Amino acid sequence: MFDNTEIAFSHLSDKELKKAWWLFKAINVNFLVETGPSLVNLALKLKLPILPLIRSTIFSHFCGGETIEDCEDNIAHLWAYRVGTILDYSVEQEKTEAAFDQTAAEIIATIRRARGDEKVPFSVFKITGIARFELLAKLDAGQALSPDEEEEFRKAKQRVYRICEESVLAGTPVLIDAEQSWIQETIDRLAMEMMARFNKESALVFNTYQLYRKDALGKLKKDLETAAERGFYLGAKLVRGAYLEKERQRAEELGYESPLHETKADTDRDFDAAVAWCIDRIDRVSFIAGTHNEASCRKLAERMKEKGLSPDDRRIWFAQLLGMSDNISFNLSHHGYQVAKYVPYGPVKAVLPYLFRRAHENTGISGQMSRELRLITEELHRRKKSRSR
Ligand SMILES: Cc1cc2nc3c(=O)[nH]c(=O)nc-3n(C[C@H](O)[C@H](O)[C@H](O)COP(=O)(O)OP(=O)(O)OC[C@H]3O[C@@H](n4cnc5c(N)ncnc54)[C@H](O)[C@@H]3O)c2cc1C
């Protein structure tokens with residue numbers, strides 16, 4: 001299903017496809033990706049005009065724009081192929097209460113934009129966008145908070161509550177992203193509290209399960225049980241997990257056992273088992289498979305068929321990131337499945353960490369082409385051949 005590059009890239013003109021080819025060609029070079037972040041930071045320090053170049057290349061490929069309005073073209077463009085948009089305000093590493101309030105307001109603006117519009121089927125946020133990382137880590141470690149910190153956490157919780165409440169008002173589900181393991185228990189507790197409060201009739205708040213964690217599958221099962229016992233619906237975004245290197249490095253430095261699986265095969269096994277577990281209990285859970293893994297997407301589609309679930313069942317979604325795995329997104333939507341893309345946005349400078357991660361992910365391994373580059377190359381050849389016929 002995912003080999004059809006004609007469907008995968010039909011949303012891109014020849015010019016856009018060639019631009020994407022050059023971008024992935026550059027990203028494929030390991031050296032450029034490794035040195036890129038330092039060079040960009042140096043250029044910024046020297047006040048060199050680097051941002052326009054970034055805006056017209058990597059930013060325009062992986063991001064919707066700097067504001068919600070900038071993303072409108074992308075929203076319409078994706079929807080022309082029945083692919084939904086999840087507006088993802090991607091400003092990271094904020095530290096002040098004022099910045100957290102501002103981010104919460106922006107997230108609420110994304111929820112209002114999504115209201116009543118099937119083109120924008122979900123909203124999303126990260127708890128660290130609206131609460132201080134160190135505070136969450138302290139809570140996770142079970143350390144006592146000072147009175148000021150208690151107050152700080154009360155405010156953070158209020159922001160989470162406001163965002164979830166706004167989602168309920170809009171009737172648009174909201175996804176809570178998963179983050180580093182040493183703050184995740186606090187995030188999970190908040191998410192369960194919100195789900196118990198707001199998911200009485202359907203899943204409107206979703207937590208994220210990172211299946212690279214040894215305990216994630218067990219946790220998902222337990223949360224589903226709790227949801228059934230307490231009479232609410234579980235919302236689950238299933239992902240493999242994005243912090244592999246950081247997690248391993250920290251575990252090694254501090255000398256504790258890594259919470260992550262030892263091998264990729266173990267992660268893959270648990271991811272597919274989590275999908276199967278949810279499908280088998282679909283009366284109690286709505287879920288999103290947030291993945292670029294073709295085998296996992298194929299298995300999910302097959303399992304839906306086996307269970308007699310329609311591809312457009314509103315409880316089951318596939319999601320990918322803008323600018324990546326179009327072969328999965330567009331082929332799935334072509335076959336009637338529910339698909340949405342994260343569309344990150346924010347000021348160029350503020351989304352640089354996000355862009356560096358995307359570049360890193362798409363680097364070629366041992367001189368080979370990355371999957372994206374291979375697929376784009378195939379489609380360019382196909383178009384050339386079909387024209388010369
Ligand atoms: C829509 C969407 C939403 C996302 N939201 C989140 C989120 O909230 N939180 C988050 O952490 N991530 C999130 N991610 C990122 C995700 O967790 C993965 O990092 C990314 O999608 C790559 O995994 P994959 O399933 O696409 O496919 P693959 O490329 O098949 O898998 C790569 C992943 O496998 C795992 N892995 C690789 N090597 C090993 C190893 N040796 N041992 C054990 N595991 C290994 C890692 O998780 C790695 O990222 C999201 C991704 C998408 C598409």
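Predicted, not measured: the structure shown is a model, and the values here were computed from it. (Residues numbered from 1 in each chain as written. Predicted model: local features only at pLDDT ≥ 70, side-chain atom pairs only at ≥ 80, totals over all residues. Heavy atoms only, no water.)

We now examine the overall build of the chain. Regarding its fold elements, the chain presents 16 helices and eight strands. A compact globule built from 389 residues would reach a C-alpha radius of gyration of about 21 Å, and the chain, at 21 Å, matches this within 12%. Dimensions of the chain along its principal axes, counting C-alpha atoms only, are 70 × 60 × 45 Å. Within the chain, buried positions represent 53% of all 389 residues. The long-range share in the chain, meaning contacts at least 24 apart out of those at least 6 apart in sequence, stands at 77%. (Helix = DSSP H or I, 4+ residues; strand = E, 2+ residues; numbered from the N terminus. Rg over C-alpha atoms; globule rule 2.2 N^0.38 Å. Buried < 20%, exposed > 50% of the residue type's maximum accessible area, 1.4 Å probe, protein only. Contact = heavy atoms within 4.5 Å.)

All right, on to empty space enclosed by the protein then. Enumeration according to the criterion identifies one cavity of 30 Å³ or more in this entry. In this structure, the largest cavity spans a volume of roughly 80 Å³. Along the walls of the largest cavity sit Gln 184, Asp 188, Asn 207, Thr 208, Tyr 209, Gln 210, Arg 213, Asp 215, Ala 216 and Lys 219, which together make up its complete lining. Counting only elements with at least two residues in the lining of the largest cavity, the list comes to helix H9 (181-198), strand E4 (205-210) and helix H10 (216-230). Here the lining of the largest cavity takes four residues from E4, the largest share from any one element. (1 Å grid on protein atoms, 1.4 Å probe; cavity = no way out; pocket = protein on both sides within 12 Å on 5 of 7 lines; lining within 4 Å. Points joined across faces, edges and corners; volume = space filled by probe spheres on them.)

Turning next to the side chain of His 261. Among the secondary structure elements, His 261 is positioned in the loop between helix H11 (244-254) and helix H12 (264-280). Under the relative-accessibility criterion, His 261 is labelled buried at 7%. Within the structure, His 261 has its side chain in polar contact with the side chain of Asp 270 (distance 2.8 Å). Apart from the residues within four sequence positions on either side, His 261 is in contact with Leu 211, Tyr 212, Arg 213, Lys 214, Arg 248, Asp 266, Thr 267, Arg 269 and Asp 270. (Polar contact = N/O pair within 3.5 Å; in protein donor to acceptor, adjacent residues only side chain to side chain.)

With eight of its nine residues buried, helix H14 (residues 326-334) lies for the most part within the structure. Taken together, the buried positions of H14 are Asp 326, Asn 327, Ile 328, Ser 329, Phe 330, Asn 331, Leu 332 and Ser 333. In the segment just after H14, Gly 336 is the residue with positive phi, at about 90°.

Within the structure, the ligand sits among 26 residues, and Arg 240, Gly 241, Thr 267, Thr 291 and His 292 are positioned closest to it. Take Arg 240: an N or O atom from its side chain is 2.8 Å from an oxygen atom of the ligand. Protein coverage of the free-state accessible area of the ligand, which is 920 Å², stands at 82%. Listing elements by their share of the shell around the ligand, those giving two or more residues are E4, strand E5 (234-239), H11, H12 and strand E7 (316-321). In terms of residue count, the dominant contributor to the shell around the ligand is E7 (three residues). Of the residues belonging to the shell around the ligand, the class tally is nine nonpolar, 11 polar and six charged. (Near = heavy atom within 4 Å. Areas by Shrake-Rupley, 256 points an atom, 1.4 Å probe, with all protein chains shown as cover. Nonpolar A, V, L, I, M, F, W, Y, C, P; charged D, E, K, R; others polar.)

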